[in-house]
Amino acid sequence: MAMSSKKGKMFTEINITPLTDIFLVLLIIMMVVAPTFQSMDNAISVPEINSGIAIEQKNATVSITKEGLMYVNGKEINPDTLTDELVALKASLEKPEVVVKADEKVKSSEIMKVMNAAQDAEYKKLIVAGEPLSKKEQKDLQQQNENQGA
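Residues numbered from 1 in each chain as written. Predicted model: local features only at pLDDT ≥ 70, side-chain atom pairs only at ≥ 80, totals over all residues. Heavy atoms only, no water.

Peer 1: Any details on the overall build of the protein chain? Residues and values, ideally.
Peer 2: Each helix and strand in the protein chain was counted, giving four helices and seven strands. Walking the protein chain from its N terminus toward its C terminus, one meets helices and strands in the order β-β-α-β-β-β-α-β-α-β-α. Among the 150 residues that make up the protein chain, the fraction classed as buried is 24%. Counting contacts in the protein chain only where the partners sit at least 6 residues apart, residues at least 24 apart contribute 71% of the total. On the protein chain, roughly 11700 Å² of surface is accessible, and the fraction owed to carbon and sulfur atoms is 57%. (Helix = DSSP H or I, 4+ residues; strand = E, 2+ residues; numbered from the N terminus. Buried < 20%, exposed > 50% of the residue type's maximum accessible area, 1.4 Å probe, protein only. Contact = heavy atoms within 4.5 Å. Areas by Shrake-Rupley, 256 points an atom, 1.4 Å probe, with all protein chains shown as cover.)

Listed below in C-alpha cells is the structure:
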C-alpha cells in the first residue's frame, strides 16, 4: 500500500514499532500470568469446608484410619462385622443416619464397604464428612480403645 507525502514522494515502508510494542506487552503479561495456571502439587486432597451444617453426634459415626482400622462411635470393630454393628446401633438412634469420616489416604473401596453395610442395615441416609479424619482424631480413637481394653 503506497502513500504519497506532501512532496509527492511515495511512502512504501510500514512502521512496525507500535505493533512490536503491543506484542512485547502481551508476551510479558503471559509470562507473568502463566505460572498461576500451573499446579505446584498434583496430589489430590480433600477440600476444606468453611461453612455448612454441623454433624450431629446423635448419628452412627464410622471412622476409618489410614491403617484401615474401623471405629463405630469411637469403638473399634472388625470391618467384617460392620453391618451387624450398624443394625445393633440403629435401635438407639433418633434418625437412621450414618456419618463416614475417613483419612484422606483411605481408598474409596473402604468407603464403599461402609456404604454397602449401611444399605444392608437399612439406613436411610449416609453422610460423608467433608473434612478428613485428622491425625489427632485417629490417635484419640486409638488411645480411647486402648484405655477401654485395659
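Peer 1: Go over the pairing of strand 6 (residues 97–102) with me, naming the residues and quoting the values.
Peer 2: Most of strand 6 sits inside the fold, with six of its six residues counted as buried. The two faces of strand 6 match: E97, V99 and K101 on one face and V98, V100 and A102 on the other face are all buried. With helix 3 (residues 108–120) bridging strand 6 and its parallel neighbour strand 7 (residues 125–128), the resulting β-α-β unit is right-handed. (Right-handed = clockwise from strand over helix to strand, strands pointing away.)

Peer 1: Break down the packing of helix 2 (residues 82–90) against helix 3 for me, with residues and values.
Peer 2: Contact geometry for helix 2 and helix 3: axes closest at 9 Å, N-to-C directions at 45 degrees. Taken together, the axis directions place helix 2 and helix 3 in an arrangement best described as oblique. Between helix 2 and helix 3 lies a crossing whose hand is right-handed. Contact with helix 2, carried on its side by L82, T83 and L86, involves K113, V114, A117, A118 and D120 of helix 3 and no other residues of that element. Among the residues making up the contact of helix 2 with helix 3, the classes are represented as five nonpolar, one polar and two charged. (Axes fitted to C-alpha atoms, helices over the stretch in contact; angles between N-to-C directions. Parallel < 35°, antiparallel > 145°, perpendicular 65-115°, else oblique. Left-handed = near helix turned anticlockwise from the far one by under 90°. Nonpolar A, V, L, I, M, F, W, Y, C, P; charged D, E, K, R; others polar.)

Peer 1: Mind laying out the pairing of strand 7, listing which residues take part and the relevant values?
Peer 2: Of the strand pairs in this sheet, strand 6 and strand 7 are connected by four bridges, and their pairing is parallel. Considered in strand 7, the bridge of V98 is made with L126. (Pairing = 2+ DSSP bridges.)

Peer 1: Which residues make up a positive patch on the surface, and what values go with them?
Peer 2: A grouping of K66, K105, K135 and K139 is seen on the molecular surface, where their side chains present a positively charged patch. Counting through the fold element by element, K105 comes out in the loop between strand 6 and helix 3. (Patch = residues over 30% accessible without salt bridge, like charges linked within 9 Å, V, L, I, M, F, W, Y side chains within 5 Å. Salt bridge = Lys/Arg side-chain N within 4 Å of Asp/Glu carboxyl O. Lys, Arg positive; Asp, Glu negative; His and termini not counted. Charge placed at Lys NZ, Arg CZ, Asp CG, Glu CD.)

Peer 1: So what about the pattern of salt bridges? Which residues, and what values?
Peer 2: Tallying each qualifying case throughout the model produces three salt bridges. A salt bridge links K75 to E85, with the shortest nitrogen-to-oxygen separation between them at 3.7 Å. Of this pair, K75 sits in strand 5 (residues 75–77) while E85 is found in helix 2, placing the two residues ten residues apart along the sequence. Accessibility expressed as a relative area gives 43% for K75, which makes it partly exposed. K125 is the partner of E97 in a salt bridge, and the nearest nitrogen-oxygen pair spans 4.0 Å. A residue pair is termed long-range when its members are at least 10 positions apart, and E97 in strand 6 and K125 in strand 7 qualify at 28 residues. A residue is classified by how much of its surface remains accessible, and E97, at 12% relative accessible area, is buried.

Peer 1: Give me helix 3: which residues, what numbers.
Peer 2: Over its 13 residues, helix 3 extends 18 Å from the first C-alpha to the last, a length consistent with the 18 Å expected when each residue adds 1.5 Å. Summarising the contacts, the buried residues of helix 3 are in contact with strand 3 (60–64), strand 4 (70–72), helix 2, strand 6 and strand 7. Positive backbone phi, approximately 65 degrees, marks E122, located one or two places after helix 3. (Expected span 1.5 Å × (residues − 1).)

Taken by themselves, the reported measurements are silent on function.
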